[in-house]
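Coordinate analysis (summary)
The chain contents come next:
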Amino acid sequence: MMRSFRLIRVAVVGLSLAWTAPTFAQSFEGLDLSGQSKKKKRPTKKKRPTRKARTHKAKPAPVVQDDAGDDAAASSSEAPTTVAPAEAAPAEAAPAPTPASPPANTGSMGMGLDLTQEAPKPAAPTMSFDAVDVSGKTADRQRLDVAVSLFKNDEYEKASMAAHELLEDPKLAGLHTEARYVLAKSLYRMGMYHSSLGEFSKILSLGPSTKFFKTSLEWLFFISRKTKNETVILDEIARHANQEFPEKYRNEFRYLLARYHFVRGRALDQVGQPEEADKSFSEVKRLALTIPRTDPFFPRAKYLEGLSSFRNGSRQKDAAAKRANGEMLAAIEAMKEVVRLTRPVAGKTPEQAKADKSLRELAFMQLARTHYGMQQNRFALFYLGKVERGNTQWLESLFESAWANYRVGQYEQALGNLITLSSPFFREEYFPEALILKAVIYYENCRYRESTSILGDFERTYLPVHDQLEALVKKNMEASEYYSVLADVQKKNKEGLEKNETDLILERILRLALTDQDLRKTNDSILELEAEMDAFANRADTFKYSELSKSLLDGLKVQRTALISKAGIMAKGKLETELVALKQLLANGLRIKFETTTKEKEFLEEQLKAGGRTAIVKKYKYSVAVQDDQLYWPYEGEYWRDELGTYQYTMTKGCIERDTANRNVQSAEAM
């Protein structure tokens, strides 16, 4: 019996040991097993740092495909705040969790094994947070981490709303900068560039010591590439001109700052402050010199430098003085350099090739204008001929080459260009001087009746424009109201609404105002901003009706008001300038009409004295021969798109000796 009891007791102990064997990870620090527990604890200490290394690799900095360089920099700046507290905790923690004290009589099972008694030994290590920064893992920090996670998962609407919730809580002021940064990036990814610009501007306004200041500066460049008009960020960049920009954006910053000073200089010239304008244009030239020739922004900066030199040299009123002026010569060399640098070559991206082509055309146009101002008309014709047919500057080049052709006595080509400009394809374009030039050509060829008829057409077309323009300027409205008048015309055109006589005249004024490049770009920005405001209607309801949407719309309205005020000032200045020019054209028309009437009277008197036998107007000799690669086709009043720009109007009669036409101009040109 005693033996059976001992066997049962051994079996029970065996079962007890078998039951506890699988729980190897549990600590038996409460047992005194002759020091063996200490030997088991050391390997556990070595395993913990290994787990930390794995944790570090599990959270790499996010990489975004477009604008990757910026996001990588931004992520590295974000990482210490988000990740470090979680990684720091294991360094000070015990290698294994401290087990709870086992309850009395647990596990003895009446086997004589007292598990409640512990041998005297040091207390087991416990986890301590005394030296650990756990602020990053508070509930507030976790809310920010959620917003960051949503952004990384491309859920930009949710990320922006989560970040905005943090911004709305004044108790979380310490997290506001990071939350606004997440919000600004999310809005950028959603294509809401003007809203994103507003949020980045708020970060930048906190100063250079603010977290994310430098990366926010970089985002300005990304926004400038996405918007139609880069000038929307010029004021923001100029505000931080004294800051050190990252090397990869430094030359772009210098170009944009030069652009800012160029626009500012032109505005100062318009309001009669030439001394202050001189400082701005000098700054343009200084900044252009700081950009290396191999940099992609060098040609654009060089173009601004050339325009600045041309502005300074244009103060010379005499053509001979201009030809000897150093600023005019510098302007020519600068534009030639732009032409050389923008040659079409292999290896350029489609966007870069398109930008270079546009800049190349502008350089050709400026070279032509510079030579025209020097009365070097054939040089001007050479450069105007370089502008490709159908491109942006093509119509302007046809008009300006008409004047240059008139100067050298090539009336047929000048009138042919004017036929293209008057075609139905370009009825909406604004070239009031074209009719004056046409009248002058007929006048100089003693075709007085035709000249008088053309001047009558000019007055019927542009006198109502003059009257409406004068009425607008005399109202002395607020700057924004001037833009509102033009915006109403744009709205009617967009919606296809019926327009009355006044609307048609205002439409001409709109086209007139938008010939100013800076005003046109500002107008494009306003339209782009309004499109962004309209896009809220296409968002999900949770975003569309959120407090964030209301806040963003309010911000966009503020931006729109500022842009409209800026556009209004430009519009008013442009309208005043064009009113003066139109008055001058109408006065020139009246003078030509008076001289035409006088000449016609003299012609009739000579006819009467000679008994009708005097012939002042004679038939010209002309030929319809064309070059081998051309085809002669008589013009019978119809217009074909493929014929535009190729017309030549044959003068069949007149009073000029063709070999001596405009001899005084050609002599000056040869000097």
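These lines cover the structure that appears in this document, whether it is placed above or below. Nothing here was measured: the structure is a model prediction, and the numbers come from that model.

Turning our eyes to something else, we now look at the pattern of salt bridges. Pairing between side chains becomes possible if they bear opposite charge and their charged atoms approach one another. This model, assessed by the stated rule, comprises 32 salt bridges. The salt bridge partner of lysine 202 is glutamate 199, with a shortest N-O separation of 3.7 Å. Here lysine 202 pairs with glutamate 199, and both are found in helix α8 (residues 193-204), just 3 residues apart, close to one helical turn. Taking relative accessible area as the criterion, lysine 202 reaches 40% and is therefore assigned partly exposed. For glutamate 199, a relative accessible area of 6% gives the class buried. Across the pair arginine 311 and aspartate 269 runs a salt bridge, and its minimum N-O distance is 3.0 Å. Highlighted residues: arginine 311 in helix α13 (residues 298-313) and aspartate 269 in helix α11 (residues 247-270), separated in sequence by 42 residues. The exposure class assigned to arginine 311 is buried, which follows from its relative accessible area of 13%. What makes aspartate 269 partly exposed here is its relative accessible area of 29%.

A few words on a nonpolar patch on the surface. A contiguous nonpolar surface patch, about 380 Å² in accessible area, is contributed by Tyr622, Val624, Val626 and Tyr632. The topology assignment puts tyrosine 632 in the loop between β1 (618-619) and β2 (653-654). Take tyrosine 632: its relative accessible area is 43%, and that puts it in the partly exposed class.

What follows deals with the nonpolar core. Grouped together as the largest cluster of nonpolar side chains are 87 residues, with contacts concentrated most on Ile509 and Phe543. Among the elements that take part in this core, helix α26 (residues 547-609) stands out by supplying 14 residues, more than any other. Beyond its immediate chain neighbours, meaning those up to four positions away, isoleucine 509 contacts Val465, Gln468, Leu469, Leu472, Leu486 and Leu575. Listed in part, the 57 residues of the second largest apolar core include Phe213, Phe262, Ala380 and Leu384.

On to the packing of aromatic side chains, then. As enumerated under the stated definition, the model contains 24 aromatic pairs in all. Centre to centre, the rings of tyrosine 181 and phenylalanine 212 are 4.3 Å apart; their planes meet at 5°, and the pair counts as stacked. Separated by 31 residues along the polypeptide, tyrosine 181 in helix α7 (residues 176-189) and phenylalanine 212 in the loop between α8 and α9 (213-226) bring together distant segments of the chain. An identical accessibility class is assigned to tyrosine 181 and phenylalanine 212; each is buried. Taking the centre distance of 5.3 Å and the plane angle of 40° together, the rings of phenylalanine 399 and phenylalanine 431 count as tilted.

Turning to α13, a few remarks are in order. Along its 16 residues, α13 runs 22 Å from first to last C-alpha, staying within 8% of the 22 Å computed at 1.5 Å per residue. Taken across its 16 residues, α13 has 14 buried, putting it largely inside the fold.

Axis angle and axis distance: for two packed helices, these are the angle between their axes and the distance between the axes, and together they describe the pair. Two numbers describe how helix α15 (residues 326-341) lies on helix α16 (residues 350-373): the axes approach to 9 Å, and their chain directions differ by 155°. Compared by their axis directions, α15 and α16 come out roughly antiparallel. Relative to α16, α15 is oriented so that their crossing is left-handed. Every residue of α16 that contacts α15 at Met328, Ile332, Met335, Lys336, Val338 and Val339 is listed here: Leu359, Arg360, Ala363, Phe364, Gln366, Leu367, Thr370 and His371. Looking at the contact of α15 with α16 residue by residue, the class counts come to 9 nonpolar, 3 polar and 2 charged.

Rules of the game
- Residues numbered from 1 in each chain as written.
- Predicted model: local features only at pLDDT ≥ 70, side-chain atom pairs only at ≥ 80, totals over all residues.
- Heavy atoms only, no water.
- Salt bridge = Lys/Arg side-chain N within 4 Å of Asp/Glu carboxyl O.
- Helix = DSSP H or I, 4+ residues; strand = E, 2+ residues; numbered from the N terminus.
- Buried < 20%, exposed > 50% of the residue type's maximum accessible area, 1.4 Å probe, protein only.
- Patch = residues over 30% accessible without salt bridge, like charges linked within 9 Å, V, L, I, M, F, W, Y side chains within 5 Å.
- Areas by Shrake-Rupley, 256 points an atom, 1.4 Å probe, with all protein chains shown as cover.
- Core = buried A, V, L, I, M, F, W, Y, C linked by side-chain atoms within 4.5 Å.
- Contact = heavy atoms within 4.5 Å.
- Phe/Tyr/Trp six-rings, centres within 6.5 Å; stacked < 30°, edge-to-face > 60°.
- Expected span 1.5 Å × (residues − 1).
- Axes fitted to C-alpha atoms, helices over the stretch in contact; angles between N-to-C directions.
- Parallel < 35°, antiparallel > 145°, perpendicular 65-115°, else oblique.
- Left-handed = near helix turned anticlockwise from the far one by under 90°.
- Nonpolar A, V, L, I, M, F, W, Y, C, P; charged D, E, K, R; others polar.

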